Amino acid sequence: MIPKSHPRYESLLLRDKIAKAFEKGYLADTAMIAHGRGEAFDYIIGEQTVYPAKRAMYVAVAALLLSNNPVISVNGNATALAIDEIIELAKAINAKIEINLFYRTDERVRLLTKLYKDHGYPEILGSLDDDIEYLNDIPNNRASASKTGIYTADTILIPLEDGDRAEILKKSGKNILTIDLNPLSRTSKMSDVSIMDNIVRAIPFMTKIAQDLKTQNRDVLVEMVNEFDNNENLKESIEHIKRGL
Ligand code: PTJ
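Residues numbered from 1 in each chain as written. Predicted model: local features only at pLDDT ≥ 70, side-chain atom pairs only at ≥ 80, totals over all residues. Heavy atoms only, no water.

J.: Account for the sheet that holds strand E5 (residues 155-157), with residues named and values stated.
T.: On the basis of which strands lie adjacent, the open sheet formed by 5 strands has the order E2-E1-E5-E6-E7 and parallel pairing. Each edge of the sheet is formed by a strand with only one pairing partner; in this case those strands are strand E2 (96-99) and strand E7 (193-195). Strand after strand, the sheet turns through a mean of 20° between neighbouring axes, direction not considered. The strands touched by helix H3 (residues 51-66) within the sheet are strand E1 (70-74), E5, strand E6 (175-179) and E7, with E7 carrying the most contacts at an inclination of about 135°. (Pairing = 2+ DSSP bridges. Helix = DSSP H or I, 4+ residues; strand = E, 2+ residues; numbered from the N terminus. Axes fitted to C-alpha atoms, helices over the stretch in contact; angles between N-to-C directions. Contact = heavy atoms within 4.5 Å.)

This is the structure we're talking about:
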């Protein structure tokens, strides 16, 4: 039990979620290392949502709302930290959710499928009985995708994604949005929109943005997406890291 008065309460709570997910068996073996890397970047930016991240979130939500088949890709870490918030965002933007694991095992897919069902989301894609296709005809797990989800999606939100997977998705011609605290990662550099923020802050904020943008004219959303320059925004994000140091 972590006392609320602890100066690192929020951070310790997230560690606890990750540790519990590992005990339940649906987290990757190396997930804690990935979490620690994220934690370090978050610490440097003051564990707050910086302006370039907010801008990227508006653009990402606009892109998702403009899409015909938007999908939120989820892995062990994203689920451990924000399962209910991800389900809420999916409902707000009318997107599908797909289990998409870098370290894929049938057991992890089974556990995650059950978890989403238990949290009131039985329509989860990427489960063991889903129709799976291979992106760019690459016959390996790195390229597997649900036929009605990522395989045919036009826009995919890939929080905390490994670079190999991001690259395959990008090469398949899709619009890629990420939430990644590391602006230097291959995923951040390769994505069309990169949000340098903690998933636990970003996802609920994006749901709020969706309520606002849903009332806007389509042309406004198109303009937001067209005017956005991810490289410039990443440079601005890195400036916040420099300042933090
Ligand atoms: O569940 P699986 O099998 O799909 O595996 C998931 C991990 C995350 C282990 C796998 O995709 C992986 O190894 O990813 P990487 O290459 O470590 O990339 C994860 C990125 O997420 C890193 O750049 C971290 O900085 C970032 N990150 C970690 N925690 C957070 C985060 N970004 C946002 N919010 C976080 N809480």
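After that view of the structure, there is still more to cover.
J.: An account of the site of the ligand is needed here, citing residue identities and associated values.
T.: The immediate surroundings of the ligand are formed by 23 residues, with Gly76, Phe102, Tyr103, Arg108 and Asp180 found nearest. Contact distances for the ligand include 2.6 Å between an oxygen atom and a side-chain N or O atom of Arg108. Contact between the ligand and Ile199: a nitrogen atom at 3.0 Å from a main-chain N or O atom of the residue. Summarising the interface, the protein chains cover 94% of the accessible area of the ligand, which totals 740 Å² for the free molecule. Assessed atom by atom at 2 Å from the grid points, the ligand resides in the largest pocket. When contributions to the shell around the ligand are tallied by element, the ones reaching two or more residues are helix H2 (31-44) and helix H4 (76-93). In terms of residues, the shell around the ligand owes the most to one element, H2, which gives 4 residues. (Near = heavy atom within 4 Å. Polar contact = N/O pair within 3.5 Å; in protein donor to acceptor, adjacent residues only side chain to side chain. Areas by Shrake-Rupley, 256 points an atom, 1.4 Å probe, with all protein chains shown as cover. 1 Å grid on protein atoms, 1.4 Å probe; cavity = no way out; pocket = protein on both sides within 12 Å on 5 of 7 lines; lining within 4 Å. Sits in = over half its atoms within 2 Å of the grid points.)

J.: Explain the pattern of salt bridges residue by residue, including any values.
T.: By the definition in use, this model includes 14 salt bridges. Glu236 serves as the salt-bridge partner of Arg55, at 3.4 Å between the closest nitrogen and oxygen. Of this pair, Arg55 sits in helix H3 while Glu236 sits in helix H10 (residues 230-244), and the two are 181 residues apart along the sequence. Salt-bridge contacts for Glu232 lead to Lys235; the nearest nitrogen and oxygen are separated by 3.4 Å. Residue Glu232 and its partner Lys235 are located together in helix H10, separated by 3 residues, close to a single helical turn. Judged by relative accessible area, which is 41%, Glu232 ranks as partly exposed. In the salt-bridge network here, residues are joined through shared partners; they are Asp164, Glu167, Lys171 and Arg186. (Salt bridge = Lys/Arg side-chain N within 4 Å of Asp/Glu carboxyl O. Buried < 20%, exposed > 50% of the residue type's maximum accessible area, 1.4 Å probe, protein only.)

J.: Run through empty space enclosed by the protein, naming residues and quoting values.
T.: One pass over the structure, following the stated rule, counts 1 cavity of 30 Å³ or more. When its volume is computed, the largest cavity comes out at roughly 50 Å³. As for the largest cavity, its lining consists of Glu98, Ile99, Asn100, Leu101, Arg104, Gly126, Ile132, Asn141, Ser144, Ala145, Ser146 and Arg165. At the level of secondary structure, the elements contributing two or more residues to the lining of the largest cavity comprise E2 and strand E4 (144-146). Top element by residues in the lining of the largest cavity is E4. It accounts for 3 residues. Residues of the lining of the largest cavity, tallied by class, amount to 4 nonpolar, 5 polar and 3 charged. (Points joined across faces, edges and corners; volume = space filled by probe spheres on them. Nonpolar A, V, L, I, M, F, W, Y, C, P; charged D, E, K, R; others polar.)

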